Amino acid sequence: MPKVQFTETVLRDANQSLIATRMPIDVMKPVLAQMDRAGYYSIECWGGATFDSCLRYLDEDPWQRLRTFRKEMPHAKLQMLLRGQNLLGYKHYPDDVVVRFIERSVANGIDIIRIFDALNDLRNIKLAVETTVKAGALASGAISYTTSPVHTLEKYVELCKEMTQMGCGTICIKDMAGVITPKEAYDLVSAIKDALPETPLVLHTHCTTGMAYLSVLKAVEAGCDVIDTASSCFSGGTSQPATETLYDAFSQMGYECGLDRSALKTINDHFKGYRDECLKSGLLKPKAMATDTDALTYKVPGGMLSNLMAQLETMHALDRLEEVLEETPRVRKDLGYPPLVTPMSQMVGVQAVNNVLAGERYKNVSKEVKAYLRGEYGRAPGPVDADLQKQILGDEEPLTCRYADTLEPAFEKTKAELGETARCDEDVLSYIAFPQVAETFFQHRKEKEEKTVRFTIEKL
Ligand code: CO
């Protein structure tokens, strides 16, 4: 019997994509025991933007959230998303911080860490992969999916092979923009499975452009082992395709899915009430649940397009949108075809706007583009325009090593600086990841405790 397994994303990516990661643990908690028994391959529940959101908006300790998941879901495989050397943010961290962060993530309950680099520069994921394996968890190597003349099937297969050699136990095709088409999914999965038949392969995509259900079907037909889906009331639009829908479709086709269908319904029923609340409060916008094919027309992800339009609007230049959209692929080519994901999508978009509005290309260059050309984000996928590099960097040589190699160790130093403010190594890591936000969180935590103590004393 052919088999396909499911990773449930309602707690992380669906939550992040549809309601800006604002789902509190109290909403999740009553259903976690059900989720534990539903039979998912894994439950994506931590990492990505959840960490920042816990500290910044929800007044939750992200580490405590993880321990709650572990306690309430003792059997399920708990999965997190990690941006390699950038951990959960967009800047590079020194190696000692990366190692500690992963060790504590695994110690607090994580089983699978999906690790990627926005540029697919594998030097930026190597340490994270090796540390994950050493800590006893499964490292899943993810390729950031995009299309360009340098992103060939051969290139992707090569990346996958290198990731398995590093120690990745599974491979994920990570299509953050939801642009992979059924044919591309079929061809890519076939090519990777041909080269690495023993390595489980995962497809992660989004419904943004409407391709996802078709692409998942073709991927599974080509041998994809695991698919990312979201409980149906948090599926569709900028989120993943629906778990129950794909379970029913694949089961009828004779695939063994390993899921308890009645548990899936209970889980979805639980989240429905909260989904309606989000719609009412405006946290969930109907637009986020709709299909938007502009990404296919313009070859830029949906989020990037709305950013471009917002930027032009503030400059009263929305009438230049077509020119900017023609300039965007040229800028991308000059920069060696970076995948258009954060932070590269912003970088390319702002540069295209600058080039059009200034009337002269690269007259104004952002400090991010300069840093990119210096190699601070990693190696570009294709050759960078040599004239441009010379124009911007002058005689300065771009980096040949990883940017992280230029960074001083930071964990012990920060721990000493924080003193009693940090109660454990996890606090130190929260602070290193998001200094101001963590500081406010620690302060608030202290105030709350003092209040409780006062209240208890008064009652006595
Ligand atoms: Co995603």
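S.K.: I'm lost on helix α10 (residues 212-221) in this one. Help?
M.R.: Residues lying three or four places apart along an α-helix face the same way, a consequence of the helix completing one turn every 3.6 residues. Of all the residues in α10, the buried ones are Ala212, Ser215, Val216, Ala219 and Val220. All buried residues of α10 project into a common sector of 130 degrees when viewed along the axis, lining one side. Phi for Gly223, located one or two positions after α10, is positive at around 115 degrees.

S.K.: How should the environment of Asp117 be read in this particular structure?
M.R.: Along the chain, Asp117 turns up in the loop between β4 (112-115) and α7 (126-134). For the pair Asp117 and Val97, spaced 20 residues apart in sequence, the C-alpha separation works out to 17 Å. Each residue touching Asp117, except ones within four places of it in the same chain, is listed here: Asn124, Ile125, Ser144 and Tyr377.

S.K.: Explanation requested: the coordination of the cobalt ion in the structure shown.
M.R.: Six octahedral donors at a metal ideally form angles of 90 or 180 degrees, and four tetrahedral donors ideally form angles of 109.5 degrees. Asp13 (OD), His204 (NE2) and His206 (NE2) make up the full set of protein donors to the cobalt ion, lying at 2.1 to 2.2 Å. Here the donor residues of the cobalt ion share one chain and are spaced in sequence as D-x190-H-x1-H. In this pair, Asp13 sits in helix α1 (residues 13-19) while His204 sits in strand β7 (residues 201-204), placing the two residues 191 residues apart along the sequence.

S.K.: Honestly, the nonpolar core in this entry has me stumped. Any pointers?
M.R.: The tendency in soluble globular proteins is for nonpolar side chains to be buried as a group. Grouped together as the largest cluster of nonpolar side chains are 103 residues, with contacts concentrated most on Leu11, Met35 and Phe271. Phe271 has contacts with Val10, Leu11, Met23, Val27, Val31, Met35, Cys233 and Phe234, leaving out every residue within four places of it along the chain.

S.K.: What's the story with unusual backbone geometry in this structure? I'm lost.
M.R.: What you tend to see is this: most non-glycine residues have negative phi, and most peptide bonds are trans. Backbone torsion omega between Thr342 and Pro343 reads 0 degrees, so that peptide bond is classified as cis. Tracing the backbone through its elements, the reader meets Pro343 in the loop between α15 (321-334) and α16 (344-358). Backbone geometry places Ala20, a non-glycine residue, at a positive phi of 50 degrees. Tracing the backbone through its elements, the reader meets Ala20 in the loop between α1 and α2 (25-28). In this structure, Asn120 takes a positive phi of about 60 degrees despite not being glycine. Residue position: Asn120 is located in the loop between β4 and α7.

S.K.: Whenever I open this one, the packing of helix α14 (residues 302-314) against α16 confuses me. Can you help?
M.R.: The description of two helices packed together rests on the angle between their axes and the distance between the axes. At a minimum axis distance of 10 Å, the contact between α14 and α16 shows a crossing angle of 35 degrees. Like other packed secondary-structure pairs, α14 and α16 cross with a definite hand, here right-handed. Across from Met304, Asn307, Leu308, Gln311 and Leu312 in α14, the residues of α16 making contact are Ser345, Gln346, Val348, Gly349, Val350, Val353 and Leu357. Along the lines of polarity and charge, the residues of the contact of α14 with α16 split into 7 nonpolar, 5 polar and no charged.

S.K.: Help me understand the side chain of Thr328, please; the structure alone is not making it clear to me.
M.R.: When you line up the elements, Thr328 lands in helix α15. The exposure class of Thr328 is buried, given its relative accessible area of 1%. For Thr328, the contacting residues outside a window of four places in its chain are Val300, Met304, Leu308, Val348 and Ala352.

Reading the values: the criteria
- Residues numbered from 1 in each chain as written.
- Predicted model: local features only at pLDDT ≥ 70, side-chain atom pairs only at ≥ 80, totals over all residues.
- Heavy atoms only, no water.
- Buried < 20%, exposed > 50% of the residue type's maximum accessible area, 1.4 Å probe, protein only.
- Helix = DSSP H or I, 4+ residues; strand = E, 2+ residues; numbered from the N terminus.
- Arc of directions from axis to C-beta.
- Contact = heavy atoms within 4.5 Å.
- Donors = N, O, S within 2.8 Å, 3.2 Å for Na, K, Ca; no water.
- Core = buried A, V, L, I, M, F, W, Y, C linked by side-chain atoms within 4.5 Å.
- Axes fitted to C-alpha atoms, helices over the stretch in contact; angles between N-to-C directions.
- Left-handed = near helix turned anticlockwise from the far one by under 90°.
- Nonpolar A, V, L, I, M, F, W, Y, C, P; charged D, E, K, R; others polar.

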